[in-house]
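A closer look at the structure
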Amino acid sequence: MGQPRSKSFYVLGAFFLAFLAFMYGPMIVIFVLSFQGPNGGMSFPMVGHSTLWFQQLLSGTGRVGDIPSAFLRSLELALVASALTVVICVSAGMAFRRRFPGAGLLFYTAVASLVMPSLFVSFGIALGFKELGWKTSLFTSGLGAQLTWTLPFGLMITFATVGRLDRRYEEAATDLGASPWQRFRDIILPIIMPGVVGVALFGFTLSYDEFPRSQLTVGTVNTLPLEIWAMTTAAISPVLFALGTVTTVVSFFVLTAALVAIGIMVRRRAGGRPAIQA
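Description of the structure in this document. (Residues numbered from 1 in each chain as written. Predicted model: local features only at pLDDT ≥ 70, side-chain atom pairs only at ≥ 80, totals over all residues. Heavy atoms only, no water.)

Moving on, we get to the overall build of the protein. A tally of helices and strands in the protein yields 10 helices and 0 strands. Listing every helix and strand of the protein by position from the N terminus yields α-α-α-α-α-α-α-α-α-α. Against the globule reference of 19 Å for 278 residues, the protein gives a C-alpha radius of gyration of 24 Å, more extended than a compact globule. In the protein, which comprises 278 residues, the share counted as buried stands at 34%. Considering only intrachain contacts with a sequence separation of at least 6, the fraction spanning at least 24 residues in the protein is 71%. Side chains of the protein give 19 positive and 11 negative charges; the mean places of these two sets differ by 8 Å. (Helix = DSSP H or I, 4+ residues; strand = E, 2+ residues; numbered from the N terminus. Rg over C-alpha atoms; globule rule 2.2 N^0.38 Å. Buried < 20%, exposed > 50% of the residue type's maximum accessible area, 1.4 Å probe, protein only. Contact = heavy atoms within 4.5 Å. Lys, Arg positive; Asp, Glu negative; His and termini not counted. Charge placed at Lys NZ, Arg CZ, Asp CG, Glu CD.)

For the rest of this paragraph, the subject is the pattern of salt bridges. If you walk through the whole model with that rule in mind, you get 3 salt bridges. R97 is the salt-bridge partner of E170, the closest N and O atoms lying 2.5 Å from each other. Note that E170 is positioned in helix 7 (residues 167-175) and R97 in the loop between helix 3 (67-95) and helix 4 (103-111), a separation of 73 residues in sequence. Take E170 and R97: they sit in the same class, and that class is buried. A salt bridge links R185 to D186, with the nearest nitrogen and oxygen atoms 3.1 Å apart. Residue R185 is classed as partly exposed on the basis of its relative accessible area of 39%. (Salt bridge = Lys/Arg side-chain N within 4 Å of Asp/Glu carboxyl O.)

This part covers the nonpolar core. V86, C89, V90, L143, L147, I188 and V196 are the most contacted members of the largest nonpolar core, which has 19 residues in total. Broken down by secondary-structure element, the contributors of at least two residues to this core are helix 3, helix 6 (138-163) and helix 8 (180-208). The contact partners of C89, leaving out residues within four places of it in the chain, are L151, G154, L155, T158 and V199. Counting 14 residues, the second-largest nonpolar core is a separate cluster that includes L57, A78, A242 and L243. (Core = buried A, V, L, I, M, F, W, Y, C linked by side-chain atoms within 4.5 Å.)

Attention now moves to the packing of aromatic side chains. Taken as a whole and assessed by the stated rule, the structure comprises 14 aromatic pairs. For the ring pair F35 and F54, a centre distance of 5.0 Å and an interplane angle of 45° mean the geometry is tilted. Of the two residues, F35 is situated in the loop between helix 1 (7-33) and helix 2 (52-59) and F54 in helix 2; the sequence distance between them amounts to 19 residues. Judged by relative accessible area, F54 falls into the buried class, the value being 16%. An aromatic cluster of at least three residues, connected via ring pairs, comprises F96, F100, F107, Y108 and F159. (Phe/Tyr/Trp six-rings, centres within 6.5 Å; stacked < 30°, edge-to-face > 60°.)

Moving on: the side chain of R183. Mapped onto the fold, R183 is located in helix 8. Despite its burial, R183 remains without a salt bridge, the nearest opposite charge being carried by E170 at 4.5 Å.

Secondary-structure assignment places I264 in helix 10 (residues 239-271). The partly exposed category is assigned to I264, whose relative accessible area is 34%. A C-alpha to C-alpha distance of 25 Å links I264 and Y208, two positions 56 residues apart in sequence.

What follows is the structure, encoded as structure tokens:
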């Protein structure tokens, strides 16, 4: 028989359950209400059950904005932001492996945008473009605004991943005649790949649902968060809950796929032989 649980265990357990309920409760409510009947409203009690609101969402009928176009814009922007975040962060991680004058100042400058209010970042970028006589658009000012949010997170993940890299593998590869590109491609990149996938995941998810930094920088078009916000300012219906359910499922699918990929990489690396013996 094991030792009895202390009172603190149950207190902390109850606190954790309350945290889970607070975090996932709203999503569960939205999921349930998205199946309201045709005469249903935006709150309980439910009036029947149907998939009408999902049908309206997919067909574009009813009080629905330009969701398909906004979704494609957000998807394209998130993919580009994710790719750039990976390239820039991995390059920076490799550069910061060796100390150089001003390295600390450069790092803190790069991550300083995390503590700046997002709306002011958006306003500053829009104002800067206006002063320069440039038009704001999705893949210029909008992309730049997204990168001010995704790059700091990506840099911290990359630095933590690269910092654990054992240099002896590289030294062994150098002794065997490997070029710098071969060392990076065959030794370093496979080892840090789980971290790279994590950076890509963060870059995608942070860009995909970013609202305040996109509000003034994407020009005359809307991303998905902006389109949803526009829908909430007009007459709304349970189709908004259906949209929330669909976007949540997509987000969980992307997250699950990334975690599975990281798990496979870690398992293969742990079960296989190292490419270079130190």
